[in-house]
Amino acid sequence: MIVNFGYISLFLVVAIALGLLVITIPVLLRFVKVAPHHPTPVKNATYECGMVTIGKTWVQFNFRYYYYALLFVTLDVMVVFLYPWAVRLRELGTGALVAILIFIAIITVGYLYAWKKGVLEWQ
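Note that this is a predicted model, so its numbers are computed, not measured. (Residues numbered from 1 in each chain as written. Predicted model: local features only at pLDDT ≥ 70, side-chain atom pairs only at ≥ 80, totals over all residues. Heavy atoms only, no water.)

J.: Before we go on, may I ask you to explain the overall build of the chain in this structure?
T.: A count of helices and strands for the chain gives five helices and zero strands. Counted from the first residue to the last, the chain has its helices and strands arranged as α-α-α-α-α. A globule of 123 residues ought to have a C-alpha radius of gyration of about 14 Å, yet the chain, at 25 Å, is considerably larger. Along the three orthogonal principal directions, the C-alpha set of the chain runs to about 65 × 60 × 25 Å. Here the chain holds 123 residues, and the buried ones make up 7% of them. Pairs at least 24 residues apart make up 60% of the contacts formed inside the chain by residues separated by at least 6 positions. Charge-centre separation for the chain: the mean point of 9 positive side chains lies 10 Å from the mean point of 4 negative side chains. (Helix = DSSP H or I, 4+ residues; strand = E, 2+ residues; numbered from the N terminus. Rg over C-alpha atoms; globule rule 2.2 N^0.38 Å. Buried < 20%, exposed > 50% of the residue type's maximum accessible area, 1.4 Å probe, protein only. Contact = heavy atoms within 4.5 Å. Lys, Arg positive; Asp, Glu negative; His and termini not counted. Charge placed at Lys NZ, Arg CZ, Asp CG, Glu CD.)

J.: How should helix α3 (residues 64-87) be read in this particular structure?
T.: Since one α-helical turn is 3.6 residues long, residues separated by three or four positions face the same way. End to end, α3 covers 35 Å across 24 residues, agreeing with the expected 34 Å (1.5 Å per residue, within 8%). Among all positions in α3, only Leu71, Met78 and Trp85 are buried. (Expected span 1.5 Å × (residues − 1).)

J.: Explain helix α5 (residues 94-116) here, please?
T.: The terminal C-alpha atoms of α5, which comprises 23 residues, lie 32 Å apart, in line with the 33 Å expected from a rise of 1.5 Å per residue. Within the sequence span of α5, burial applies to Ala96, Ile100, Ile107 and Ala114. For α5, the secondary structure elements touched by its buried residues are α3 and α4 (89-92). Two residues or fewer past α5, Gly118 is found with a positive phi of approximately 85°.

J.: Explain the confidence of the model for the chain here, please?
T.: Detailed reading of predicted coordinates is not advised where the pLDDT is low. Scored by pLDDT, the chain comes out at a mean of 83, with 91% of its residues at no less than 70. Taking the mean pLDDT of every element in the chain, the minimum, 78, falls on helix α2 (residues 41-44) and the maximum, 90, on helix α1 (residues 2-31). (pLDDT = per-residue confidence, 0-100.)

J.: Teacher, can you tell me more about the pattern of salt bridges here?
T.: When the charged atoms of two side chains with opposite charge come close together, those side chains can pair. Taken as a whole and assessed by the stated rule, the structure comprises one salt bridge. Between Arg88 and Glu91 there is a salt bridge, with its nearest N and O atoms 3.1 Å apart. Taking relative accessible area as the criterion, Arg88 reaches 44% and is therefore assigned partly exposed. With a relative accessible area of 62%, Glu91 lands in the exposed category. (Salt bridge = Lys/Arg side-chain N within 4 Å of Asp/Glu carboxyl O.)

As structure tokens, then:
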């Protein structure tokens with residue numbers, strides 16, 4: 001039992017050390033003058049497709065874009081789970097068939113809910 005906590009603590013120490021290392025290396029390279037640092041007004045300016053913006057620069061997007069993105073990610077996750085299952089279909093047996101049917105049913109209920117809420121309608 002204590003050995004398991006030792007592995008977890010070792011993992012945490014390595015993760016914290018790696019995080020600190022990734023943060024400190026660029027700072028040290030700048031102090032040693034290995035990483036160039038020559039800021040100019042052009043480099044510090046906000047890049048907006050090469051043109052200076054006119055008017056308000058804060059534009060609020062329609063939240064339906066995020067719904068489409070989430071539905072796309074859901075479909076991708078479904079494909080990621082279905083492909084290995086389909087490749088090993090005969091070896092996995094009926095237990096895996098039932099599990100994947102439950103998974104597809106859950107995804108279908110989510111899509112039907114989104115369809116009922118009008119998320120899939122583009123205006």
